[in-house]
Amino acid sequence: MSKKPAFTPANTVVVLDFETSGLSPNQGDRAIEIGAVLIENGVITQRFSELMDPGFRISSFIEDYTGISNQMLKNAAPCHEVMVRFADFIGEHHLVAHNATFDQRFLDAEFAQISHQYKGQFGCSLLVARRLYPLASNHQLGTLVRYKQLPNNGTFHRALADAEMTSHLWLAMLADLQRDFAITSPPFSLMQKITKKTKADVPKFLREYSSR
DNA sequence: TGCCAGGCCCTCTTTAGGGCCTT
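Read on for a plain summary of the structure. (Residues numbered from 1 in each chain as written. Chains lettered and ligands numbered in written order. Predicted model: local features only at pLDDT ≥ 70, side-chain atom pairs only at ≥ 80, totals over all residues. Heavy atoms only, no water.)

To continue, consider the protein's contact with DNA strand B. Neighbouring DNA strand B are 29 residues, the closest being Glu 19, Asn 26, Tyr 65, Arg 131 and His 139. Looking at DNA strand B alone, sugar and phosphate atoms form 65% of those within 4 Å of the protein. Within the contact set of DNA strand B, a phosphate oxygen lies 2.5 Å away from a backbone nitrogen or oxygen of His 139. Of all the secondary structure elements, the ones that give two or more residues to the surface near DNA strand B are strand S1 (13-20), helix H1 (60-66), helix H4 (100-113) and helix H5 (125-132). (Near = heavy atom within 4 Å. Polar contact = N/O pair within 3.5 Å; in protein donor to acceptor, adjacent residues only side chain to side chain. Helix = DSSP H or I, 4+ residues; strand = E, 2+ residues; numbered from the N terminus.)

A large share of S1 lies buried, amounting to eight of its eight residues. Strand direction decides the pairing type here: S1 and strand S4 (residues 95-97), joined by two bridges, are parallel. Its bridge partner lying in S4, Val 15 is registered against Val 96. (Buried < 20%, exposed > 50% of the residue type's maximum accessible area, 1.4 Å probe, protein only. Pairing = 2+ DSSP bridges.)

Another aspect to go through is H4. Between its terminal C-alpha atoms H4 stretches 20 Å, which fits the 20 Å expected from 14 residues at 1.5 Å a residue. For H4, the set of buried residues is Ala 100, Phe 102, Asp 103, Phe 106, Leu 107, Glu 110 and Phe 111. The buried side chains of H4 occupy one side of the element, clustering within an arc of 155° when seen end-on. In this structure, the buried residues of H4 make contact with S1, strand S2 (31-40), helix H3 (79-90), S4 and strand S5 (122-124). (Expected span 1.5 Å × (residues − 1). Arc of directions from axis to C-beta. Contact = heavy atoms within 4.5 Å.)

This part covers the pairing of strand S3 (residues 43-51). Relative to S3, S2 runs antiparallel, the two sharing eight bridges. The residue bridging Glu 33 from the neighbouring strand is Leu 51, located in S3. Linking two consecutive strands that pair antiparallel, namely S2 and S3, is a turn of two residues; a positive phi of about 50° is found at Asn 41 within it.

Moving on to the pattern of salt bridges. Using the criterion set out here, one finds nine salt bridges in the structure. Close ionic contact of Asp 176 with Lys 148 constitutes a salt bridge, the shortest N to O distance being 2.8 Å. Of this pair, Asp 176 sits in helix H7 (residues 159-181) while Lys 148 sits in the loop between helix H6 (141-147) and H7; the two residues are 28 residues apart in sequence, bridging distant segments of the chain. Residue classification places Asp 176 among the buried residues on the basis of a relative accessible area of 10%. In this structure, Asp 176 and Arg 179 form a salt bridge, with 3.6 Å as the shortest nitrogen-oxygen distance. In this pair, Asp 176 and Arg 179 both sit in helix H7, three residues apart, roughly one turn of the helix. (Salt bridge = Lys/Arg side-chain N within 4 Å of Asp/Glu carboxyl O.)

Listed below in structure tokens is the structure:
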């Protein structure tokens, strides 16, 4: 039996973003679009982007917010078909999202519909950014993209565009860990540990991590 | 009937409250 390596680099992950009909799968909300990129050794190597039909009409607020219309969803595959393909895309990779608890709730809910379980763990770019960039005016994805002058095509609130921007943010944070703390190729587990530290404790934690 | 997310994080805190972030 093959044993999974203990060290998983943080620069090889699937970065994902859901557009949804609302904020809570517990209240009946469903995913309407999934966008994701696979980053391997710090480079985007694959993209996944699909609309999905939740089986009911979405609100005008969500149509305006995302630019995804009910007409567009009428022509899309149902959620369960898309999620089967997405399960294949993420494989056993670790996962990253901006405010990951939100995307994790929807991923769990949609995968439950197809009785699929995934092995990867979640990392949260929002929680890391709050600790690495305390001087940013806020930690919304769009604000951080401008703050770090990250690549973007001007599209926001669409799944693939947001996933790509989140991936650039993630890579920028890895680069800053290397620049500021000489931490080369941080493991995914380090990024998770950062989010468990208080903002005040993070610099000392990283200096000690770097010097060990 | 009326209401309706949930986790993180700071502070006027921990027997709590409220802003942030995601759609």
